[in-house]
Amino acid sequence: MSLKGARERRVHTGGIELCVAELGDPAHPTVVLIHGYPDSKEVWAEVAERLADRFHVVLYDVRGHGRSSAPKPLRGGFTLEKLTDDFLAVADAVSPDRPVHLVGHDWGSVQSWEFVTVQRTEGRIASFTSISGPSLDHFGHWLKKRLTRPTPRRVAQFLGQGARSWYVYLLQIPVLPELAWRGPLGKRWPSMVRRAEGLPRDGYPTASLPEDAAHGAWLYRDNVRSRLSRPRTDAYAQVPVQLITPTRDDFLSERLFDDLSGWVPELTRRTLPAKHWVPRTRPDQVSTWIADFTLAQEKAISTPGGRASVTPETTRATRATRATRATRATRRKAMSQKPYTERFGGQLVLVTGAASGIGRATAFAFAEAGARIVAVDRDAEGAERTAELSRLIGAPDAWAEVVDVSDAEAMEKLAVRVAAEYGVVDILINNAGIGLSGPFLKTTPQEWKDVLDVNLWGVIHGCRLFGRQMAERGQGGHIVNIASAAAYQPSKSLPAYSTSKAAVLMLSECLRAELSQQDIGVSAICPGFVHTNITSTARFAGVDEAEQQRLRERSTRWYGLRNYPPERVAEAVLRATLRNEAVVPVTPEARGAQLLSRFAPGVLRRIARLEPPL
Ligand code: NAI
């Protein structure tokens, strides 16, 4: 694999010769892409190609990698201080008069965190996009906090990240990693990583991999232990940072970045439902976000009254204020922030039944978490209102679509339109549903059809159409189906509704098994009684209109007294998506019924015979 059309030059620093490649017009803003471990600059080939028409794109092989020379001796030659010297030498060579926009992946990001938090780079960096590589200093504080102030959750996070870092311990062993990389591991790595990460077959990694990996072991040995045990206390970012977190990263827990807003005064978070090597698997999305962020920062710098231009003077003057602000205000803000703030940054979320109740609350929760929203409902006005409010709450974009989910043809058209206009849906919430109450012997075939058409077929259409698009895209995704506690709790008063929801639950389980191969998670949410409009629209079989109305009013009163808010169901939806939970009962009665269905189904059967309270 090569960087098509790249101009190459050599930059000398501290006895090292760095191989630097450039694409695009040097008059454009400079974006420096730094690779990780075990990689070389070619890992960025696809991203660089996509940026080259608008930016001056610069890539270099980190010392000891690709066609850059290695320090002698290797020990002590890869410290963050020396890597900072290299970056500054490259920045001075390619963009002597203007600060550069930095982008790092994996170890490229780890070292870039050093660059954006130390004083001597002031005025040389305009912004930083970090992908899958934490600051070792922030990581050190994160670990310390979990060790010195342990709670069950913090201990679990500590152990979880500890397990993902297995390779870091191995790389500390002398000589063996080098032997492995220059021997069997070096030969097998390309196919191993291709299979594990779903990478394209395109000649990457390059032939230098065994040597890159052997040398790169010193990145870990020279820095990890010393920094994690004695993290800097002043590692505040001096520039705006965009954090792109792949949610299925096998090496890094998303939790690592929970405290980041305390270190970064201007932080933009984005998440990608993808594994670790996103520069290779998601070049379109990654380059779009880099371009958008970079251009926004350029605009802020050049706008009168916008962010002051980045010079050593301005940064030094603001440094102390910013650090104080970062420690106090933003940390306080971070503490009070909702747990999912920006966790779904930039993802496309489609919610059916979004005009009311659980659907609307779910759309709002995702909007607040930074997602783009497609609000689908047969109620045009309600859907439009949800989209409008989603934008106000924080969704970068939100659209309303008017569709009856039970209409197969309309759903097909919706799927085509959404893909063409907004992109492939990352998260699908099949929520639209209607209520039907009354004994089986009084329920008409038409009433059965109505409830199954919406509650079951609506979900089938959604899963089939949007699930297929997700599978074909090959970049994972998540489907949430709103079932109900009625799915596992029999009741003599809800035969049709419960049957539809039991079918949704089983469909979700089957689909979860099938789509796991494609990295698409499926969750079924099973709420109990939630205070929404469902009671005022539900039908009651076998009664006249006057009785119909009386029963609706009675159940609305009862649900009102119960008063469980749809926002709490929405929160469960976001959590299930992040954790890929299979079946999630929400409300105490739903959890109780689930326990009984497992351990005392006889009790549940007896409850099913009771006259319902509504
Ligand atoms: P809701 O009545 O407040 O909202 C349902 C939304 O779905 C409405 O905006 C409605 O216009 C829309 N909708 C209905 N049929 C549609 C169709 N054919 N095509 C497009 N949109 C349609 O009800 P709620 O409570 O928010 O219900 C949401 C989901 O949660 C449903 O699937 C429901 O069965 C389920 N659920 C609700 C519980 C509750 O106690 N509210 C408990 C357990 C599950």
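Residues numbered from 1 in each chain as written. Predicted model: local features only at pLDDT ≥ 70, side-chain atom pairs only at ≥ 80, totals over all residues. Heavy atoms only, no water.

**Quick notes on the domain arrangement of the protein chain**
Phase 1: Assigned domains of the protein chain: these are domain 1 (7–302) and domain 2 (339–607).
Phase 2: The C-alpha-based centres of domain 1 and domain 2 are spaced at 40 Å.
Phase 3: Counting from both sides, the interface comprises 15 residues of domain 1 and, opposite them, 15 residues of domain 2.
Phase 4: In total, about 1200 Å² of surface goes out of reach between domain 1 and domain 2, with carbon and sulfur atoms giving 33% of it. (Domains from an automatic or database assignment. Contact = heavy atoms within 4.5 Å. Buried area = accessible area lost by both parts, 1.4 Å probe.)

**Some words on the packing of aromatic side chains**
Centre-to-centre distance and the angle between the planes together describe a pair of aromatic rings.
Phase 1: Scanning the model with the defined rule gives 15 aromatic pairs in all.
Phase 2: The interplanar angle of 15 degrees and the centroid separation of 4.0 Å between the aromatic rings of Trp399 and Tyr422 together place this pair among those described as stacked. Separated by 23 residues along the polypeptide, Trp399 in strand β11 (residues 398–402) and Tyr422 in the loop between α15 (408–421) and β12 (427–430) bring together distant segments of the chain.
Phase 3: One aromatic cluster is present, built from ring pairs that chain together Tyr37, Trp107, Trp181, Trp189, Tyr220 and Trp277. (Phe/Tyr/Trp six-rings, centres within 6.5 Å; stacked < 30°, edge-to-face > 60°. Helix = DSSP H or I, 4+ residues; strand = E, 2+ residues; numbered from the N terminus.)

**Quick look at the sheet that holds strand β14 (residues 477–482)**
Backbone hydrogen bonds hold the strands of a sheet together, and the pairing may be parallel or antiparallel.
Phase 1: The seven strands are arranged β11-β10-β9-β12-β14-β15-β17 in an open sheet whose pairing can be described as parallel. Whereas interior strands pair on both sides, the edge strands pair on one side only; in this sheet they are β11 and β17 (583–586). Averaged over all pairs of adjacent strands, the angle between their axes in this sheet comes to 15 degrees, without regard to strand direction.
Phase 2: Here five bridges tie strand β9 (residues 348–352) to strand β10 (residues 372–377), and the two strands are oriented parallel to one another. Within β10, the residue paired with Val349 across the bridge is Ile373.
Phase 3: Running over the sheet, helix α13 (residues 357–368) touches β9, β10, β12 and β15 (520–527) and is turned about 170 degrees from β9. (Pairing = 2+ DSSP bridges. Axes fitted to C-alpha atoms, helices over the stretch in contact; angles between N-to-C directions.)

**With respect to the pattern of salt bridges**
Phase 1: Applying the stated criterion across every chain yields a total of 36 salt bridges.
Phase 2: Across the salt bridge formed by Glu49 and Lys4, the nearest N and O atoms sit 3.5 Å from each other. One end of the pair, Glu49, is in helix α1 (residues 45–51); the other, Lys4, is in the segment before β1 (7–13), and 45 residues separate them in sequence.
Phase 3: The class of Lys4 is exposed, set by a relative accessible area of 62%.
Phase 4: Linking Arg280 and Asp202 is a salt bridge whose minimum nitrogen-to-oxygen distance equals 2.5 Å. Taken together, the residues Arg280 in helix α10 (residues 278–281) and Asp202 in the loop between α8 (184–197) and α9 (209–229) connect sequence positions 78 residues apart.
Phase 5: For Asp202, a relative accessible area of 23% translates into the label partly exposed.
Phase 6: Bridged by salt links that share partners, the residues Glu81, Glu114, Asp137, Arg227, Arg232 and Asp234 form one connected network. (Salt bridge = Lys/Arg side-chain N within 4 Å of Asp/Glu carboxyl O. Buried < 20%, exposed > 50% of the residue type's maximum accessible area, 1.4 Å probe, protein only.)

**Some remarks on the site of the ligand**
Phase 1: Around the ligand, 28 residues are found, and the nearest of them are Ser356, Asp377, Asn431, Tyr497 and Thr532.
Phase 2: Here Asp377 contributes a side-chain N or O atom positioned 2.6 Å from an oxygen atom of the ligand.
Phase 3: Relative to its free-state accessible area of 830 Å², the ligand is covered by the protein chains to the extent of 95%.
Phase 4: Among the elements of the structure, α13 and α17 (495–515) are those that each provide at least two residues to the shell around the ligand. (Near = heavy atom within 4 Å. Polar contact = N/O pair within 3.5 Å; in protein donor to acceptor, adjacent residues only side chain to side chain. Areas by Shrake-Rupley, 256 points an atom, 1.4 Å probe, with all protein chains shown as cover.)

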